[in-house]
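Examining the three-dimensional arrangement
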Amino acid sequence: MAKLNFGGSEESVVTREEFPLSKAQEILKNETVAVIGYGVQGPGQALNQKDNGINVIVGQRKDSKSWDKAVKDGFVPGETLFEIEEALQKGTIICYLLSDAAQIALWPTVKKHLTKGKALYFSHGFGITFNEQTGIIPPADVDVFLVAPKGSGTSLRRMFLQGRGLNSSYAIFQDATGNAFDRVIALGIAVGSGYLFETNFKKEVFSDLTGERGTLMGAIQGIFAAQYQVLRDKGHSPSESFNETVEELTQSLMPLVAENGMDWMYANCSTTAQRGALDWWKKFRDATSPVFKELYESVATGKESQRSIDLNSQPDYRVKLEAELAELRESEMWQAGKTVRSLRPENQKAPAAAPVESSTKNVFREQTEKTESVG
Ligand SMILES: NC(=O)c1ccc[n+]([C@@H]2O[C@H](COP(=O)([O-])OP(=O)(O)OC[C@H]3O[C@@H](n4cnc5c(N)ncnc54)[C@H](OP(=O)(O)O)[C@@H]3O)[C@@H](O)[C@H]2O)c1
């Protein structure tokens, strides 16, 4: 395992150079990897493993769009695609990729099929870490580990097809066979990880829940909404407010940050922008730091996991989710964004772009009127 220096701290990582696919194939040659669930991670991980020559089957409930998708993706009913329980029985490594709420509901069935020497694989530390809430307590004679790709299953697949790899974390919770390390790293390579860094179940889930509620999704939307509203309140148009809040960030600046870091992006902006960013970033850090501390506490005390379990297990959860997403989608900011996206030159080449102009005007007018009447 390579030791690398991350900003002054030494950490262990596993790369494809030291752990090539041929080694992963050798380790997994006698295993049947059962990917349970064909939602978002399921397709990415199952297809990448299949293309990497691993003996992979899918377990998915029938009469579902996900079943149809698996068939469309080349999994054959009765050969490589089964009802969940049949796949659980056939698999020697169970990749438990149902939604976190469904993992709780299906746990008694899964547990029944975890016979001695099998492995239980997760892509999140949730079920095990919060086991008092989830009831997921595996038998002692199976390996339990995780590989958590740091991105969506769609990106995992896309990057694999481009010959690239998403970075993933890995952790071993239980090594019953003595082979847990080889098994988990082989799976990490087989699902298409670029490199793997070590963590444990608790750290994986604490950082993941904090990140998605924080800068990755929750905080970023909150900051966008706050800045957009200030600009609108001060008389800026929706298009100007959206461009200065979101579009420039996603289209121009973040790709530069992704390429070479924040300092490099700053260095490649105007001196006026640089000065302002350098003067203001610490104020934003200090203003938001108490919220991030509150968030971490909420994660660490199990409040966030309990809320997620309670709300996501409700039968009408999708209906309520759709209402909340509609609120975002129909907000003036994201309606403005829809129009801004349609005006990108690459989107205008499409034949369907012709009627956009009139709908653009309508969207801005409708949204402006709506905001004004609310205000
Ligand atoms: N989303 C990501 O990109 C991502 C990234 C990193 C890690 N992870 C982790 O990967 C795991 C899988 O996440 P995901 O986002 O792929 O999940 P998801 O898309 O929400 O998974 C849905 C899967 O669960 C099945 N399912 C839901 N309720 C069920 C029930 N009551 N009985 C049987 N099957 C049920 C769905 O079948 P139907 O289609 O039939 O409902 C589908 O196969 C989670 O632990 C997650 O935290 C996800």
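Source: prediction; values computed, not measured. (Residues numbered from 1 in each chain as written. Predicted model: local features only at pLDDT ≥ 70, side-chain atom pairs only at ≥ 80, totals over all residues. Heavy atoms only, no water.)

**Here's the deal with the site of the ligand**
The ligand sits among 23 residues. The nearest are Gln 41, Gln 60, Ser 64, Ser 66 and Asp 100. Contact between the ligand and Gln 60: an oxygen atom at 2.6 Å from a side-chain N or O atom of the residue. Notes on the ligand: free accessible area 900 Å², of which the protein chains cover 76%. Per-element tally for the shell around the ligand: the top contributor is helix α5 (residues 100-112), with four residues. (Near = heavy atom within 4 Å. Polar contact = N/O pair within 3.5 Å; in protein donor to acceptor, adjacent residues only side chain to side chain. Areas by Shrake-Rupley, 256 points an atom, 1.4 Å probe, with all protein chains shown as cover. Helix = DSSP H or I, 4+ residues; strand = E, 2+ residues; numbered from the N terminus.)

**Regarding the sheet that holds strand β6 (residues 93-96)**
Pairing in this open sheet of ten strands is mixed, and the strands run β1-β2-β10-β9-β8-β7-β6-β3-β4-β5 from one edge to the other. Looking at strand neighbours, the two that pair on one side only are β1 (2-6) and β5 (81-82), the edges of this open sheet. Where strand β4 (residues 56-59) lies against β5, two bridges are found, and the strand directions are parallel. Each residue of the ladder has a partner; that of Gly 59, found in β5, is Phe 82. (Pairing = 2+ DSSP bridges.)

**Structural notes on helix α10 (residues 201-213)**
With 13 residues, α10 should reach 18 Å at 1.5 Å per residue; the first-to-last C-alpha distance of 18 Å fits that figure. Buried within α10 we find Phe 201, Glu 204, Val 205, Phe 206, Leu 209, Thr 210 and Gly 211. Buried-residue contacts for α10 involve β7 (119-122), α6 (126-129), β8 (143-149), β9 (166-174) and α14 (271-300). For α10, the side-chain oxygen to backbone nitrogen distance between the N-cap and Lys 202 is 3.1 Å, and the N-cap itself is Asn 200. (Expected span 1.5 Å × (residues − 1). Buried < 20%, exposed > 50% of the residue type's maximum accessible area, 1.4 Å probe, protein only. Contact = heavy atoms within 4.5 Å.)

**Thoughts on the environment of Thr 15**
Relative to the helices and strands, Thr 15 resides in strand β2 (residues 9-15). In this structure, the C-alpha to C-alpha distance between Thr 15 and Ala 2, residues 13 residues apart in sequence, is 7.7 Å.

**Describing the packing of aromatic side chains**
The full count for this structure, using the stated rule, is 13 aromatic pairs. Seen in terms of ring centroids, Tyr 170 and Phe 181 are 6.1 Å apart; in terms of plane orientation they differ by 75°. Their pairing is edge-to-face. Of the two residues, Tyr 170 sits in strand β9 while Phe 181 sits in helix α9 (residues 180-190), which places them eleven residues apart along the sequence. Judged by relative accessible area, which is 2%, Tyr 170 ranks as buried. Counting every residue linked through ring pairs, the aromatic cluster contains Tyr 96, Trp 107, Phe 122, Phe 173 and Phe 201. The ring centre of Trp 280 lies 4.4 Å from the NZ or CZ of Lys 283, which sits over that ring. (Phe/Tyr/Trp six-rings, centres within 6.5 Å; stacked < 30°, edge-to-face > 60°. Lys NZ or Arg CZ within 6 Å of the ring centre and 35° of its normal.)

**Quick word on the nonpolar core**
Judged by nonpolar contacts, the single largest core of 33 residues is most densely connected at Val 33, Phe 75, Ile 93, Tyr 121 and Ile 185. Considering every element that reaches this core, the biggest residue donor is α9, with seven residues. For Ile 185, the contacting residues outside a window of four places in its chain are Val 14, Phe 19, Tyr 170 and Leu 196. (Core = buried A, V, L, I, M, F, W, Y, C linked by side-chain atoms within 4.5 Å.)

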